[in-house]
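Breakdown of the fold
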Amino acid sequence: MKSQTRKILLLLAEAFFYCLGGVALFQILWFFIQDLFSTDHAFLYFLPYYLSCLLPAYLVVILHKIRHPTSEIGKKRWMKVNSFVLGGISLALLILDIVYLSTGTYDSILLHQAGPLFPLSNLIFLGLTLLFAIGFFLFTLPRFFHFEESEVLPKKRFGTLESVLVGASFPFACGFLGDFLLFPSLMDYSGQNAFLTFPVYLLMLFPSLCLLMREIFRDFLSKDQRYKATLPTLFVEGVLGLVLVLWMCIGLSCNGDFIIVSMTAHFPIDFMGSMMLGPYFLFFLGLLYPGLSTLFYLLRPASEE
């Protein structure tokens with residue numbers, strides 16, 4: 001397979017699991033909050049489901065490291081180690097689901113609780129992740145694994161710090177994307193606050209779009225193209241993030257209840273826990289991604305771009 005085709009397929013695979021991971025993270029947040037404030041706690045009952053919903057995000061981490069290895073030896077080791085970890089977790093959760101079914105904890109293969117096909121959907125998904133783990137291991141074998149040192153990216157001066165900061169914000173960006181993708185089933189169709197909710201939805205999508213642009217620049221643009229395109233792109237992202245944050249702030253100052261009235265389903269922690277965390281995280285993420293990227297771009301020597 002040609003290098004460019006492989007890059008596209010790996011990026012599409014990572015994007016798919018990123019979207020799936022976002023939806024899964026948002027769903028387990030809803031389930032966990034409902035369970036936390038319920039008198040009939042069912043945490044152990046849904047434990048395999050909770051843990052299974054974390055696996056798509058784990059697959060994103062695995063694929064991202066495969067796409068951007070520090071070395072080809074490191075990539076092979078990463079694939080082999082994580083194939084065992086992913087396979088072990090998937091197999092353990094699969095066995096736990098089967099035990100729940102056999103002991104009557106789940107009294108049917110279709111309970112219609114965590115989705116219409118639960119727990120059958122969980123069994124199928126865990127089977128697929130187990131196959132992915134086997135696939136990762138097979139691709140470390142000499143027959144499939146080939147050294148291509150040209151694919152290895154050079155280390156950057158602030159690369160580790162940037163990776164840590166972006167990595168720490170990854171669950172929030174991913175979760176808000178899942179929140180955005182579920183908006184057809186969660187949005188307020190009355191339209192009474194449509195103008196005010198519009199920037200909120202865009203802020204849910206904005207961090208993930210910024211990350212996608214970084215990946216496209218890194219994989220598909222030459223060094224000269226990146227150098228020319230990065231600063232204008234960062235400027236546009238910065239202006240857009242600032243406009244969306246200000247738009248949301250103005251909306252809250254004009255009508256402080258519009259999120260409660262029209263977006264309760266999108267912010268479960270805020271309304272079940274009487275907190276206002278969601279909008280503050282959106283403010284932060286809307287300014288963090290373009291701000292961080294611009295800062296590291298200005299501090300980094302042009303030779304590294």
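The residue numbers shown here count from 1 along each chain, following its written sequence. Local features in this predicted model are restricted to residues of pLDDT 70 or higher, and side-chain atom pairs are both shown and tallied only at a pLDDT of 80 or more, whereas totals for entire chains, interfaces and linings draw on every residue. Only hydrogens and water are removed before side-chain values are computed, so all heavy atoms of the structure are retained for them.

The terminal C-alpha atoms of helix α5 (residues 120-138) lie 27 Å apart, and with 19 residues this matches the ideal 27 Å at 1.5 Å per residue to within 8%. Buried within α5 we find Asn122, Leu123, Phe125, Leu126, Thr129, Ala133 and Phe136. Viewed end-on, α5 has its buried residues packed into an arc of 165°, placing them on one side of the element. By definition, any uninterrupted DSSP run of H or I lasting at least four residues is a helix, any uninterrupted run of E lasting at least two residues is a strand, and each is numbered from the N terminus. The length a helix should cover is 1.5 Å for every residue beyond the first. Exposure categories follow from relative accessible area, calculated using a 1.4 Å probe and restricted to protein chains: below 20% of the type maximum is buried, above 50% is exposed, and the middle band is partly exposed. The arc in question is the one traced by the directions running from the helix axis out to the C-beta atoms.

This part takes up the packing of helix α8 (residues 194-220) against helix α12 (residues 277-299). Interaxial distance between α8 and α12 falls to 9 Å at its minimum, and their mutual angle equals 25°. Considering the angle they form, α8 stands roughly parallel to α12. As α8 packs across α12, the resulting crossing turns out to be left-handed. In contact with Val200, Leu203, Met204, Phe206, Pro207, Cys210, Leu211 and Arg214 of α8, α12 contributes Leu282, Leu285, Gly286, Tyr289, Pro290 and Ser293. Partitioning the contact of α8 with α12 into residue classes produces eleven nonpolar, two polar and one charged. Each axis is a line fitted through C-alpha atoms, and for a helix only the stretch in contact is used; angles between axes span 0 to 180 degrees, taken between their N-to-C directions. In these notes the angle categories are as follows: under 35 degrees is roughly parallel, over 145 is roughly antiparallel, 65 to 115 is roughly perpendicular, and the rest is oblique. We call a crossing left-handed when the near helix sits turned anticlockwise from the far one by less than a right angle, and right-handed when that turn is clockwise. Residues are treated as being in contact if the distance between any of their heavy atoms lies within 4.5 Å. Residue classes follow a fixed rule: Ala, Val, Leu, Ile, Met, Phe, Trp, Tyr, Cys and Pro count as nonpolar, while Asp, Glu, Lys and Arg count as charged, and any other residue, Gly among them, counts as polar.

Turning to the nonpolar core, a few remarks are in order. Each nonpolar core is a collection of buried residues, namely Ala, Val, Leu, Ile, Met, Phe, Trp, Tyr and Cys, held together in the definition by side-chain atoms within 4.5 Å. With 63 residues, the main nonpolar core has Phe46 and Met204 as its most contacted residues. Apart from the residues within four sequence positions on either side, Met204 is in contact with Phe176, Leu177, Asp179, Phe180, Met263, His266, Phe267 and Leu282. Val23, Trp30, Leu182 and Leu186 belong to the second-largest nonpolar core, a separate cluster that totals five residues.

Okay, the confidence of the model for the protein chain next. With 87% of its residues at a pLDDT of 70 or more, the protein chain has an overall mean of 82. A residue's pLDDT is simply how confident the predictor is in it, with values from 0 to 100. Taking the mean pLDDT of every element in the protein chain, the minimum, 68, falls on helix α11 (residues 268-272) and the maximum, 91, on helix α3 (residues 55-67). Overall, residues 149-153 carries pLDDT values under 50, and its contacts beyond four positions in sequence, including any with other chains, amount to twelve contacts.

We define a salt bridge as a contact between a side-chain nitrogen of Lys or Arg and a carboxyl oxygen of Asp or Glu at a distance within 4 Å. Applying the stated criterion across every chain yields a total of four salt bridges. Between Glu14 and Arg67 there is a salt bridge, with its nearest N and O atoms 2.6 Å apart. Taken together, the residues span a long stretch of sequence, with Glu14 in helix α1 (residues 3-36) and Arg67 in helix α3 at a distance of 53 residues. Like Arg67, Glu14 is buried. The residue Asp219 makes a salt bridge to Arg67 at a minimum N-O spacing of 2.5 Å. With Asp219 in helix α8 and Arg67 in helix α3, the pair connects residues that are 152 residues apart, well separated along the chain. Residue classification places Asp219 among the buried residues on the basis of a relative accessible area of 10%. For Arg67, a relative accessible area of 9% gives the class buried. Several salt bridges share partner residues, and in doing so they unite Glu14, Arg67, Glu215 and Asp219 into one network.

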